[in-house]
Amino acid sequence: MATDKPLTKNIEIGRAPFTFQQYEAAGGYESVRKALTMEPKDLINMVKEAGLGGRGGAGFNTGLKWSFVPPPDGQPRYLVINGDEMEPGTFKDRLLIEHDPHLLIEGMITTCWALQATTGYIFLRGEYIECEQRLLKAIDEAYDAGMLGKNILGKGFDLDIYLHTSAGRYICGEETALINALEGKRANPRAKPPFPQVSGLWGRPTVVNNVETICNIPGIVANGVEWYKALGKGDFVGTRISGVSGRVKNPGCWEVPVGITFRELLEDYAGGMQDGYELKGFLPGGGSTDFLLPEHLDLVMDPGAVQKAGSRLGTSLIMVLDDKTCPVGCVRNLIKFFAHESCGWCTPCRDGLPWVEHILNKMEEGRGEMKDIAILQEMTTYMGPGNTFCALAPGAAEPLQSALKHYRAEFEDHVAHGCSYKKH
Amino acid sequence: MNNIIATTAIKARKLTDEEIHDIEHEKTHYPYTQAVGLEALKIVQKYQGWVSDESLLAVSEYLDIPPDELEGVATFFNMIFRRPVGKNVILLCDSVACWMLGCDDLQAHITNTLGINYGETTKDDLFTLIPVPCLGACDKAPVMMVNRETYRNVTPKKIDQIIAHYRDGSPVELDG
Ligand SMILES: Cc1cc2nc3c(=O)[nH]c(=O)nc-3n(C[C@H](O)[C@H](O)[C@H](O)COP(=O)(O)O)c2cc1C
Ligand code: SF4
Ligand code: FES
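Residues numbered from 1 in each chain as written. Chains lettered and ligands numbered in written order. Predicted model: local features only at pLDDT ≥ 70, side-chain atom pairs only at ≥ 80, totals over all residues. Heavy atoms only, no water.

> Even after reading the chapter, I still don't get the domain arrangement of chain A, so can you show me in this structure?
Many authors give the size of an interface as the accessible area that is lost as the parts come together. Residue and element names in this part refer to chain A. Annotation of chain A at the domain level lists domain 1 (20-230), domain 2 (239-322) and domain 3 (327-423). For domain 2 and domain 3, the distance between their C-alpha centroids amounts to 23 Å. On the domain 3 side, the residues contacting the 12 residues of domain 2 number 15 residues. Between domain 2 and domain 3 the total buried area reaches about 1,100 Å² when both faces are included, carbon and sulfur atoms providing 62% of it. The largest share of the area that domain 2 buries against domain 3 comes from Lys-280, Asp-290 and Phe-291, three residues that together contribute 49% of it. The interface formed by domain 2 and domain 3 holds 2 salt bridges in total. One salt bridge connects Glu-398 with Arg-312, and the closest N-O pair in it is separated by 3.1 Å. Per-class residue counts for the side of domain 2 that touches domain 3 are 5 nonpolar, 4 polar and 3 charged. (Domains from an automatic or database assignment. Contact = heavy atoms within 4.5 Å. Buried area = accessible area lost by both parts, 1.4 Å probe. Salt bridge = Lys/Arg side-chain N within 4 Å of Asp/Glu carboxyl O. Nonpolar A, V, L, I, M, F, W, Y, C, P; charged D, E, K, R; others polar.)

> Help me understand the side chain of His-296 of chain A, please; the structure alone is not making it clear to me.
Residues and elements named next belong to chain A. Topologically, His-296 is positioned in the loop between strand 8 (279-283) and helix 13 (303-308). By relative accessible area, which is 14% here, His-296 ends up buried. Here His-296 is in contact with Phe-262, Phe-282 and Ala-309, once residues within four sequence places are set aside. (Helix = DSSP H or I, 4+ residues; strand = E, 2+ residues; numbered from the N terminus. Buried < 20%, exposed > 50% of the residue type's maximum accessible area, 1.4 Å probe, protein only.)

> Could you clarify how one ought to interpret the sheet that holds strand 5 (residues 206-210) of chain A in this entry?
What links the strands of a sheet is backbone hydrogen bonding, and the strands pair in either a parallel or an antiparallel sense. Residue and element names in this part refer to chain A. Strand order in the open sheet formed by 5 strands is 3-4-2-1-5, with mixed pairing between adjacent strands. Single-partner strands in this sheet number two, and they are strand 3 (149-152) and strand 5. This sheet shows a mean twist of 25° between the axes of neighbouring strands, independent of strand direction. Pairing geometry for strand 2 (residues 119-124) and strand 4 (residues 157-165), over 6 bridges, is parallel. Within strand 4, the position partnered with Tyr-121 by the bridge is Tyr-162. Across the sheet, helix 7 (residues 129-144) is in contact with strand 2, strand 3 and strand 4; its angle to strand 4 comes to roughly 165°. (Pairing = 2+ DSSP bridges. Axes fitted to C-alpha atoms, helices over the stretch in contact; angles between N-to-C directions.)

> How do you make sense of the layout of surface pockets when you look at a structure like this?
Any space left empty among the atoms is revealed by the rolling of a water-sized probe across them. Roughly 1,200 Å³ of internal volume is contained in the second largest pocket. Lining the second largest pocket are 36 residues; nearest its centre among them are Glu-132 and Thr-165 of chain A together with Lys-42, Lys-46 and Arg-148 of chain B. Secondary structure elements with two or more residues in the lining of the second largest pocket: helix 7 and strand 4 of chain A together with helix 2 (17-27), helix 3 (37-48) and strand 1 (88-93) of chain B. (1 Å grid on protein atoms, 1.4 Å probe; cavity = no way out; pocket = protein on both sides within 12 Å on 5 of 7 lines; lining within 4 Å. Points joined across faces, edges and corners; volume = space filled by probe spheres on them.)

> Please clarify how the side chain of Glu-132 of chain A should be interpreted in this entry.
One can find Glu-132 of chain A in helix 7. With no salt bridge to any partner, buried Glu-132 of chain A finds its closest opposite charge in Arg-148 of chain B, at an N-O distance of 4.1 Å. Not counting residues within four places of it along the chain, the set of residues in contact with Glu-132 of chain A comprises Leu-124, Leu-163 and Thr-165 of chain A together with Arg-148 of chain B. (Lys, Arg positive; Asp, Glu negative; His and termini not counted.)

> How do you make sense of the sheet that holds strand 6 (residues 239-245) of chain A when you look at a structure like this?
All names here are of chain A. Strand order in the open sheet formed by 4 strands is 7-6-9-8, with mixed pairing between adjacent strands. Edge positions in the sheet fall to strand 7 (252-257) and strand 8, since each of these pairs with one other strand and no more. Direction aside, the axes of adjacent strands within the sheet are offset by 30° on average. Of the strand pairs in this sheet, strand 8 and strand 9 (residues 317-322) are connected by 4 bridges, and their pairing is antiparallel. Residue pairing for strand 9: Leu-283 is matched across the bridge by Met-319.

> I keep staring at the site of ligand 2 and nothing clicks. Help me out?
Near ligand 2 you find 13 residues, and of these Cys-343, Trp-345, Cys-346, Cys-349 and Cys-390 of chain A are the closest. One can see that ligand 2 is located within the largest cavity. (Near = heavy atom within 4 Å. Sits in = over half its atoms within 2 Å of the grid points.)

> Where do I start with the interface of chain B and chain A in this structure?
Taken together, the contacts link 39 residues of chain B with 58 residues of chain A. Summed over both sides, the interface of chain B with chain A buries roughly 4,100 Å², with 57% coming from carbon and sulfur. There are 20 residue pairs in polar contact (both at pLDDT 80 or more) connecting chain B and chain A. Those elements that provide at least two residues to the side of chain B that touches chain A are helix 3, helix 5 (67-74), helix 6 (96-100) and helix 7 (103-114) of chain B. When residues of the side of chain B that touches chain A are assigned to their parent elements, the largest contribution, 4 residues, is made by helix 6 of chain B. Tallied by class, the residues present in the side of chain B that touches chain A amount to 22 nonpolar, 9 polar and 8 charged. (Polar contact = N/O pair within 3.5 Å; in protein donor to acceptor, adjacent residues only side chain to side chain.)

Here you go:
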């Protein structure tokens, strides 16, 4: 029987990741053997039908994204793996790469066949040293075994995979900025259209996918669409890595069926809040999502359901805000991050974020004024969707605008008395 | 920095054989040389500790990338150091999960112990302290790195151990 945990079945924290031989003995690289007997367009349709949504934050149907790549013309085309993972509170791609690097490589080979790409790049966050070492080893092993390089499995397919390590800059996770970074340029985002699928790396068709997205491909291709769909709960399909950080009893991340609720994740997996702490709210999927409240715990962790509640599922790694942590301070910390990581291209982002940070600093220090709350509110509209070149500024506005809505009294209290929480 | 390079007599230094070897290896991964710019800066930093004007010019000449363009890349990335750093670089995560679990207290502890704030280096050139965004280990917050090693569930006591470790090689436990 095929596994019900296709992403983490080989993962055992504390032991070294599987070598090529161990990975293959555990059923690995089966999807490559199968894929190379299939027509690329059938593979793309298969992934489309499986209903896999991108795990990088936006959740776009992966097969559909692949289908926008024009037919082969004999010139290079690229698959680029987004392993930049710098969104505060997100720690899933690190787990997957560190503990089962061959799963990503297998997914890349199968995907490259589907796209008829003969070069793949892994764009990895520079600070992920263990990931770098383990990936380099796994890539070497795959070359030695004839899974990479010329004439893979004797099927006449050539593929090279290269690892690119970055040097710490959140905006590189935005896919067009990532492409500029990979070309050796300053990583400002590019205008879309053209979309990377048509004109990306060095002007050639390029698919950028998240690490976890591509780790789903081996299972789907080896075990089929029906198997994949059945992994989800109810009408939901597949599994995903979800997790919890903050003051819970058992913080961590786990492979869960898509379709569980926030409450199940928080209580059954993370063990609930630590003794002496109450849940005040949570960010459902990274630092650039709107706060949700305890009353939202019974929502299904599905992009559509979360959107209806006024937030985004994002990376599905939730951060809990407890009753002893200052929500204004929490937002200030997030804004400081976004202000620092802005690429500086657009005014609402480059100038707006430091201004917001300045106001939040004033409030925390007890120097805030009532009109500051109105200014913060106004700033969220300037930074909102449509006013900037990329989604960084709108993402930064999300925790701020939701905090102003849900925790308004606390902002007012800061203006009146300064911060009354224990100093962090 | 751009102006310094453009207007003064700073000259490119000679790249070492090791640096050239590593840069040549990276070149085989890309169809265009410009793509190697950041990798080359990282290679130089690996051997020299930081990227001086002389190093930047050397890479610029070697790869035939205009110095201003390469400087634009160098200054864009958090982890390319355009000023000297100490022998050991402490990267303390100051993002939200670590903040909730007390990274500001840890910073205060490091500052008290070593006498350095963010962005500063100890007088003996042994340590530089720099804040770093979320290190992707938020379930084990607070988190920090020293050079290429990650430390999780950090406490003030553990910081003392870690500092001692980089001073005299005494053991320190890794967690998670
Ligand atoms: C500021 C910003 C940062 C991002 N960072 C990441 C990241 O670190 N990893 C990631 O996979 N996607 C990130 N994304 C989303 C990517 O632009 C892109 O949508 C994603 O890599 C597509 O992969 P997927 O379809 O497999 O989800 C970021 C987006 C923005 C706007
Ligand atoms: S929104 Fe911010 S990060 Fe995005 S392009 Fe504009 S300035 Fe750069
Ligand atoms: S917030 Fe510090 S590791 Fe994620």
